[in-house]
Amino acid sequence: MHMRRTPRQTWTLLAVAALLVSACSTGSSTSAASSTATPTGLASYYAQKLSWRSCGVPGFQCATMKAPLDYAAPSKGDVRLAVSRKKATGSGKPLGSLLVNPGGPGGSAVGYLQAYAGIGYPAEVRARYDMVAVDPRGVARSEPVECLDGREMDTYTQTDTTPDNERETDELVGAYKEFAEGCGGSSSDLLRHVSTVEAARDMDILRAVLGDRRLTYVGASYGTFLGATYAGLFPDRVGRLVLDGAMDPSLPARRLNLDQTAGFETAFDAFAKDCVRQRDCPLGREEREVGTKLKAFFDRLDTSPIPAGDADGRKLGEALATTGVIAAMYDESTWPQLRESLTSAMRDKDGAGLLLLSDGYYERDADGRYSNLMFANAAVNCLDLPAAYNTPDQVREALPSFEKASPVFGEVMAWASLSCAYWPVRPTGEPHRIEAKGAAPIVVVGTTRDPATPYRWARSLSRQLSSARLLTYEGDGHTAYGRGSDCIDDAIDTYLLRGTPPAEGKRCS
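In this text the structure is predicted, and so the values were computed from the model without any measurement.

## Brief notes about a negative patch on the surface
A surface patch of like charges, here negative, comprises D149, E152, E178 and E181. Position of E181 relative to the elements: it lies in helix 6 (residues 166–191). On the basis of relative accessible area, E181 is assigned to the exposed category, the value being 60%.

## Some thoughts on the pairing of strand 4 (residues 97–101)
Of all five residues making up strand 4, five are buried, and the element is well covered by its neighbours. Burial along strand 4 is two-sided: the face carrying S97, L99 and N101 and the face carrying L98 and V100 are both buried. Two elements, strand 4 and strand 5 (residues 130–134), share three bridges in a ladder whose sense is parallel. Considered in strand 5, the bridge of L98 is made with M131. Here strand 4 pairs with strand 6 (residues 215–220) via three bridges, running parallel. Of the residues in strand 6, the one forming a bridge with V100 is V218.

## A closer look at the environment of N372
Among the structural elements, N372 can be located in the loop between helix 13 (352–362) and helix 14 (373–384). Taking the C-alpha atoms as reference points, N372 and V445, 73 residues apart in sequence, are found 28 Å from one another. Only 3.2 Å separates the side chain of N372 from the backbone oxygen of V145, close enough to count as a polar contact.

## Concerning the confidence of the model for the protein
Of the residues in the protein, 92% have a pLDDT of 70 or more, and the chain-wide mean is 92. Across residues 1–35, where pLDDT falls below 50, the model places 156 contacts with residues more than four positions away in sequence or in other chains.

## A look at the packing of helix 9 (residues 253–275) against helix 10 (residues 287–303)
Relative orientation and spacing of two packed helices are given, respectively, by the angle between their axes and the distance between those axes. Where helix 9 contacts helix 10, the two axes come as close as 9 Å, and the packing angle between them is 115°. Crossing of helix 9 against helix 10: the hand is right-handed. Two secondary-structure elements touch here, helix 9 through F268, A272 and K273 and helix 10 through E287, V290, G291 and L294. Here the residues of the contact of helix 9 with helix 10 are counted per class, giving four nonpolar, one polar and two charged.

## Here we look at the sheet that holds strand 6
If you walk across this open sheet you meet the ten strands as 1-2-3-5-4-6-7-10-11-12, and the pairing is mixed. Unpaired on one side and paired on the other, strand 1 (53–54) and strand 12 (507–508) mark the two borders of the sheet. Taken together, the eight bridges between strand 2 (residues 61–68) and strand 3 (residues 78–86) define a ladder with antiparallel strand orientation. Residue pairing across strands places K66 opposite R80, the latter belonging to strand 3.

## Here we look at unusual backbone geometry
Cis geometry marks the peptide bond from G104 to P105, where omega comes out at -10°. Unlike most non-glycine residues, A436 shows phi in positive territory, near 50°. Within the chain, T479 stands out as a residue other than glycine whose phi angle is a positive 75°. Residue position: T479 is located in the loop between strand 11 (468–476) and helix 18 (486–498).

## Brief notes about the state of the cysteines
Considering all chains together, one arrives at five disulfides under this definition. With a sulfur-sulfur separation of 2.0 Å, C382 is cross-linked through a disulfide to C420. In this structure the cystine formed by C382 and C420 twists about its S-S bond by roughly -80°; its chirality is therefore left-handed. Taken together, the residues C382 in helix 14 and C420 in the loop between helix 16 (410–416) and strand 10 (442–449) connect sequence positions 38 residues apart. Exposure class is identical for C382 and C420. Each is buried. The disulfide that involves C487 links it to C508, with 2.0 Å between the sulfurs. Here the S-S torsion is close to -55°, and the disulfide linking C487 with C508 is therefore left-handed.

## Quick look at helix 15 (residues 392–405)
Look at helix 15: 19 Å from first C-alpha to last across 14 residues, which is about the 20 Å you get at 1.5 Å a residue. Residue A398 marks the point of greatest curvature in helix 15, where the axis turns by about 45°; the proline P400 follows within four residues. Listed as buried for helix 15 are P392, V395, A398, L399, F402 and A405.

## Notes on the packing of aromatic side chains
How two aromatic rings sit relative to each other is given by the distance of their centres and the angle of their planes. Tallying each qualifying case throughout the model produces 17 aromatic pairs. Taking the centre distance of 5.7 Å and the plane angle of 75° together, the rings of F271 and W335 count as edge-to-face. Here the residue F271 occupies a position in helix 9, and W335 occupies one in helix 12 (residues 335–348), the gap between them amounting to 64 residues. When its relative accessible area of 6% is taken as the criterion, W335 is described as buried. Ring geometry for F297 and F298: centres 6.2 Å apart, planes at 35°, overall tilted. Classification of F297 by relative accessible area gives buried; the value is 3%. Exposure remark for F298: the relative accessible area of 1% places this residue in the buried category. Site record: aromatic cluster; members linked through ring pairs are F264, F268, F271, Y330, W335, Y361, Y362 and F409. Between R85 and the ring centre of W52, over which it is positioned, the NZ or CZ distance is 4.0 Å.

How each quantity is defined
Residues numbered from 1 in each chain as written. Predicted model: local features only at pLDDT ≥ 70, side-chain atom pairs only at ≥ 80, totals over all residues. Heavy atoms only, no water. Patch = residues over 30% accessible without salt bridge, like charges linked within 9 Å, V, L, I, M, F, W, Y side chains within 5 Å. Areas by Shrake-Rupley, 256 points an atom, 1.4 Å probe, with all protein chains shown as cover. Salt bridge = Lys/Arg side-chain N within 4 Å of Asp/Glu carboxyl O. Lys, Arg positive; Asp, Glu negative; His and termini not counted. Charge placed at Lys NZ, Arg CZ, Asp CG, Glu CD. Helix = DSSP H or I, 4+ residues; strand = E, 2+ residues; numbered from the N terminus. Buried < 20%, exposed > 50% of the residue type's maximum accessible area, 1.4 Å probe, protein only. Pairing = 2+ DSSP bridges. Polar contact = N/O pair within 3.5 Å; in protein donor to acceptor, adjacent residues only side chain to side chain. pLDDT = per-residue confidence, 0-100. Contact = heavy atoms within 4.5 Å. Axes fitted to C-alpha atoms, helices over the stretch in contact; angles between N-to-C directions. Left-handed = near helix turned anticlockwise from the far one by under 90°. Nonpolar A, V, L, I, M, F, W, Y, C, P; charged D, E, K, R; others polar. Disulfide = S-S within 2.5 Å. Expected span 1.5 Å × (residues − 1). Bend = angle between axes of the 7 residues up to and from the residue. Phe/Tyr/Trp six-rings, centres within 6.5 Å; stacked < 30°, edge-to-face > 60°. Lys NZ or Arg CZ within 6 Å of the ring centre and 35° of its normal.

Here it is in C-alpha cells:
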C-alpha cells in the first residue's frame with residue numbers, strides 16, 4: 001500500500017467490503033459449548049504445540065497452526081493458519097494473550113499486529129499481554145483464497161457500477177460472474193469452509209494452544225462479528241472481549257447493505273459540513289450543494305474518464321473515483337487529502353489522487369498486484385449470508401430505497417448488493433441473534449457517525465448479548481479505540497487491564 005497514512009489510518013480501510021464485492025457480512029447459526037470439554041474428534045488440534053520462529057519483523061514471532069478444514073468431518077484434512085505474537089514487554093503480572101482482528105472480512109490480522117497493534121497499542125497493555133493474531137482461514141498468510149490476477153482485477157475494479165442500460169447491466173453481471181468463477185476455479189474446496197463460525201472455532205483452538213483458559217480479544221468492524229460469534233459458541237470461555245465498530249448479526253444482507261449505505265451518507269454529510277468551512281473545498285460553499293456537485297462529477301466521469309498518470313494506463317472513471325471518495329470516509333484525518341484529490345480531478349482533470357485513494361482501498365500496490373483482501377471478503381460474505389438480491393430486476397426495484405438512503409452513493413451500493421448472487425458455493429449461514437448467555441461482560445463500542453458500521457448496529461448488538469456494556473463515541477470515522485479519544489481509550493484500557501467494564505451507557509467524545 002502506497003498511501004500516505006499512519007499505520008492506524010491504513011488499517012481502518014479494512015473494515016468494509018469493496019463496492020464490487022459485497023458490503024458486509026453476518027453469519028451462521030451458533031450453539032454454546034462447554035468451557036471444559038474438547039469438541040469430539042478435535043483432541044489432536046487442541047493439544048498441538050506451536051513451533052515459534054522469527055518472522056523477520058523485530059520483536060515478533062510466527063508459527064503455523066493446524067485446524068480441520070471441515071469441522072463436521074475432521075478426517076478430511078487440515079487448513080494451516082498463520083499465527084504471530086509479540087511477547088509481553090513488562091515485568092508486571094502477565095495477563096495471558098490478547099488476540100486482535102482488524103476486520104474485513106479479509107483483513108490480515110497478522111499484518112495488523114505487526115504494523116500497528118503490536119507496537120501501537122498502549123504500552124501498559126503490551127506490557128501485560130502477549131499480543132497475538134491469526135489470519136483467518138482463506139486470508140493473507142492462511143491459505144488465501146485467490147480469484148483474479150492483477151490485470152483482471154484492474155478490469156474488474158473499473159467496471160461501471162451504475163449501469164444505464166441493458167448492455168451495461170450485462171457487463172456488470174458478467175464481471176460478477178467472472179469474479180465468482182475465478183474464485184471457484186482455484187479455491188473450490190476452501191470456499192466451502194471460510195465461514196465466520198469456522199474462523200471462530202479456529203480461535204478457540206488457538207486459545208487452548210496458547211494456554212489461555214479464556215479468550216481476551218479486541219475485534220474491529222467485521223472482527224466484532226467474529227468475536228460475537230465466538231461468544232455465542234463458547235460463552236463460558238469468554239474473557240475480556242472488546243467489539244469496536246459493531247455489526248448486527250440479526251440482519252439479512254439487504255438490510256445490512258441499506259443500513260451501511262445510510263451510514264456512508266451520514267459520514268459524507270459530516271465531510272460536507274467540514275468541507276464548506278475550508279478554503280480549499282472544491283464542492284461549493286453551501287452544504288446543500290456538496291453532494292449535488294460530487295454526483296455531477298461522478299456522472300461526468302461515467303462518460304468521460306480523466307487521466308490519472310498511471311503506469312498501466314488506467315484512467316479515473318466513475319467506479320474508481322467513487323471508491324476513492326468512500327475510502328476517505330473511514331477516517332476524518334483523510335478529508336484534507338480528499339479535498340486536494342477532488343480539486344485536482346475537478347479543476348485540473350488529474351485523477352492521480354483519487355486513484356491513489358482507490359488503490360489503497362483495494363490494496364493494490366505500485367506494481368499492479370492486489371492482496372487477497374477482496375477475494376477473502378467475498379468468500380466470507382457470500383458464505384455467511386444468502387445474497388441480498390438475485391437478479392438485476394430486484395436491484396432496480398430496490399434502487400429508490402438506496403437512493404433515498406444516500407443520494408450520492410445509493411446507486412453504487414444497490415448494484416454492489418447483487419455480487420453474491422453468482423457465487424459458486426451455496427451460503428451456510430442465516431441472520432440470527434447472538435445472546436451468549438453466561439458470558440463475562442463484553443464491551444460493545446459504537447461511533448455515532450461511523451460510515452461502515454452504523455451506530456444502530458452497536459446498539460442492537462449490545463441489546464442481544466446478555467452481558468454487553470455499550471460504550472459510545474460521539475464522533476466521526478470508523479471504530480473508536482486508538483483514534484484520539486482519551487475517554488474511549490481509558491475505558492477500554494481499564495477493562496483490558498483490570499477487567500472492569502465501563503458503566504452502562506457511558507458516552508465519550
